[in-house]
Amino acid sequence: MQSICICMHVPNMSALFVCRALRRVTFMHCSVIVTRTNISLSSSVLIAPGPSLHRSIVLQADFNFFSTRTSRATSQLLSRQRLRRSLLKPSKMTGTQASSVVSHPADASSFAMEGPMVALLMAFKPDSLDIDDASFIKYLNHLWQGGIKNVVVNGSTGEFPSMTLAERKHAAELCRAHWPGKVLVGVSSTAVADCLELIEHAATQVTTTHKGQIPVADAVLLLPPYYFATVPDAGIENFVLAVLKTTKLPSYLYNYSVHTGNVISTESYKKVAKQLPHLRGIKCTVTAMSDATPYKEAMPHLQAYLGGIEGQALDGLQKGLDGVIAGGMSAVLPHLVAKVDEEFRKGNLKEARAAQDTLNKWAAARDSLKLMDVGAGKAAMSKVVPGFPATVRPALVEVPSELQRKLVSQCPE
């Protein structure tokens, strides 16, 4: 038997009407407590459960929108027609290590990433295209030994659009379990419900090899909605708030208009930041520095990270940005990614510039062969990390063997 707790916001409705409205729910073993007095616009009614809370649901008075959170860390949006079967058939969270205990940081408003980040490639087995756990763990070790302390899992470089929600949860758990540093987990999707499910999972506890039980994510990363391109600012703001108001995890927005078809404007950024005290910054994957710096100028107390043009990472630091999120190719040489940032912060601009120039030559090798970053990064990583597969998922195309050899031959020592 399930027990259910429902908190219902009912503007200008009487308690009697609330009881009538909930008749379909109460027959499913749900204890109901409703006051007799009329309920004002700002009041709410608590419908209490039995001894064990299985799931909680927030209902708007018009019954058109439902937000549900389960003790098994799955969130969904429910319509009126789907309410009964959702209550009777709880969703299950994938993964073998995650606990149902949800954890939130003590003060997300003071959270900050420190230093550069690497957007992780995802290792896929050549024969089945399943996630290759062993190769992924070796890759993480390569980055850690190279001086990287922060990673992004389930981002664009990780081919997240080709992965199921179950695979994305598994990847996040695997990363957290074997990465001693900070983990920024991508929770983007076109469906708000999927984003909510991934956020709930990001807050659950996982067993690690280094810190015992800790949350899957230190922070989450969210793209604006995609497919429906050039939507108004109000649409993007509504989407961001619908997702991020449900969590207390430190959160970052992700501007990548080339793929989403939508830009988070600086005005929208400021608006949502005022309503989200746990919003800690934005990643700007752009084609020009001038597209990234306005976000730091708009919200100086929040972090702004550069993506897409990591060849200008040092220039970004000099212009006040907080760092770079390096892509697949740069991660082949993690010690140089770390050195650019480290030497800059020490005031050693000459050494920082030398490291940056070497990275830029490496990126030029990719560009000369007209290769996409993900495929090129995997091809090079397969030579640096023994056994790491160069395999990509459709619609990306694996770099042919001959081009792999040409690319790797230009890799700096």
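Provided above is the structure to which this section pertains.
Everything in this summary refers to the structure shown in the same document. Please read all numbers here as calculations on a predicted model, not as lab measurements.

Scoring rules and cut-offs
- Residues numbered from 1 in each chain as written.
- Predicted model: local features only at pLDDT ≥ 70, side-chain atom pairs only at ≥ 80, totals over all residues.
- Heavy atoms only, no water.
- Helix = DSSP H or I, 4+ residues; strand = E, 2+ residues; numbered from the N terminus.
- Buried < 20%, exposed > 50% of the residue type's maximum accessible area, 1.4 Å probe, protein only.
- Contact = heavy atoms within 4.5 Å.
- Areas by Shrake-Rupley, 256 points an atom, 1.4 Å probe, with all protein chains shown as cover.
- Phe/Tyr/Trp six-rings, centres within 6.5 Å; stacked < 30°, edge-to-face > 60°.
- Lys NZ or Arg CZ within 6 Å of the ring centre and 35° of its normal.
- Pairing = 2+ DSSP bridges.
- Axes fitted to C-alpha atoms, helices over the stretch in contact; angles between N-to-C directions.
- Salt bridge = Lys/Arg side-chain N within 4 Å of Asp/Glu carboxyl O.
- Left-handed = near helix turned anticlockwise from the far one by under 90°.
- Nonpolar A, V, L, I, M, F, W, Y, C, P; charged D, E, K, R; others polar.
- Right-handed = clockwise from strand over helix to strand, strands pointing away.

**Things to note about the overall build of the protein**
Step number 1: Regarding its fold elements, the protein presents 15 helices and 15 strands.
Step number 2: For the protein, with 413 residues in total, the buried portion stands at 53%.
Step number 3: Sequence separation of at least 24 residues holds for 69% of the intrachain contacts in the protein that already meet a minimum separation of 6.
Step number 4: For the protein, the computed accessible surface area is about 18,400 Å², with 54% contributed by carbon and sulfur atoms.

**Let's talk about the packing of aromatic side chains**
Step number 1: Taken as a whole and judged by the stated rule, the model has 7 aromatic pairs.
Step number 2: On the numbers, 5.2 Å between centres and 85 degrees between planes, the contact of Trp144 with Trp179 is edge-to-face. Taken together, the residues span a long stretch of sequence, with Trp144 in helix H4 (residues 133–145) and Trp179 in the loop between helix H5 (165–178) and strand S8 (182–186) at a distance of 35 residues.
Step number 3: Judged by relative accessible area, which is 30%, Trp144 ranks as partly exposed.
Step number 4: Here the aromatic rings of Tyr227 and Phe228 are separated by 5.1 Å at their centres, their planes lie at 80 degrees, and the arrangement is edge-to-face. Assigned by exposure class, Tyr227 and Phe228 land together as exposed.
Step number 5: Residue placement shows Lys149 over the ring face of Trp144; its charged tip is 3.9 Å from the ring centre.
Step number 6: The ring of Phe111 is capped by Lys182, whose NZ or CZ atom sits 4.8 Å from the centre of that ring.

**Topic: the environment of Val183**
Step number 1: Structurally, Val183 can be placed in strand S8.
Step number 2: Residue classification places Val183 among the buried residues on the basis of a relative accessible area of 0%.
Step number 3: Taking the C-alpha atoms as reference points, Val183 and Ala219, separated by 36 residues in sequence, lie 6.8 Å from one another.
Step number 4: Beyond its immediate stretch of four places on either side in the chain, Val183 contacts Val151, Val153, Cys175, Arg176, Val216, Ala217, Asp218 and Ala219.

**A short note on the sheet that holds strand S11 (residues 219–222)**
Step number 1: Pairing in this closed barrel of 8 strands is parallel, and the strands run S6-S7-S8-S11-S12-S13-S14-S15 around the ring. Strand after strand, the sheet turns through a mean of 25 degrees between neighbouring axes, direction not considered.

**As for the pattern of salt bridges**
Step number 1: Under the counting rule described, the total for this entry stands at 12 salt bridges.
Step number 2: With a shortest N-O distance of 2.5 Å, Glu159 and Lys378 are connected by a salt bridge. With Glu159 in the loop between strand S7 (150–153) and H5 and Lys378 in helix H14 (residues 373–384), this residue pair connects regions lying 219 residues apart in the sequence.
Step number 3: Residue classification places Lys378 among the buried residues on the basis of a relative accessible area of 0%.
Step number 4: For Asp315, the salt bridge is made with Arg353, and the minimal N-O distance between the two is 3.0 Å. Of this pair, Asp315 sits in helix H11 (residues 313–318) while Arg353 is found in helix H13 (residues 349–368), placing the two residues 38 residues apart along the sequence.
Step number 5: Note on Arg353: relative accessible area 29%, which makes it partly exposed.
Step number 6: Shared partners join several salt bridges into a network, and the residues in it are Arg366, Asp367 and Asp373.

**Here's the deal with unusual backbone geometry**
Negative phi characterises most residues that are not glycine, and trans characterises most peptide bonds.
Step number 1: For the peptide bond that leads from Pro394 to Ala395, omega is 15 degrees, which places it in the cis range.
Step number 2: Phi at Asn154 is positive, roughly 65 degrees, even though this residue is not glycine.
Step number 3: If you trace the backbone, Asn154 turns up in the loop between S7 and H5.

**Quick notes on the packing of helix H6 (residues 192–202) against helix H7 (residues 233–244)**
Step number 1: At a closest axis distance of 9 Å, the pairing of H6 and H7 adopts a crossing angle of 35 degrees. When you trace H6 past H7, the crossing you get is right-handed. Contacts between H6 and H7 pair Val192, Cys195, Leu196 and Ile199 from the former with Phe239, Ala242, Val243 and Leu244 from the latter.
Step number 2: A class-by-class count of the residues in the contact of H6 with H7 yields 8 nonpolar, no polar and no charged.

**Quick word on the pairing of strand S14 (residues 303–307)**
Step number 1: Of all 5 residues in S14, 5 are buried, a share of seventy percent or more.
Step number 2: Residue alternation in S14 divides its side chains into two sets, Gln303, Tyr305 and Gly307 and Ala304 and Leu306, and both sets are buried.
Step number 3: As judged from the 5 bridges shared by strand S13 (residues 279–285) and S14, these two strands associate in the parallel manner. Directly across from Thr285, in S14, lies its bridge partner Gly307.
Step number 4: Running through helix H10 (residues 293–298), the crossover from S13 to the neighbouring parallel element S14 is right-handed.
Step number 5: Here S14 pairs with strand S15 (residues 323–326) via 2 bridges, running parallel. Across the sheet, residue Tyr305 finds its bridge partner in S15, namely Gly323.
Step number 6: Between the parallel pair S14 and S15, the chain is carried across by H11, and the sense of this crossover is right-handed.

**Side note on the environment of Ala338**
Step number 1: Relative to the assigned elements, Ala338 resides in helix H12 (residues 334–346).
Step number 2: Filtering out sequence-adjacent residues up to four positions away, Ala338 remains in contact with Pro116, Gly146, Gly147 and Ile148.

Structural measurements only, silent on function.
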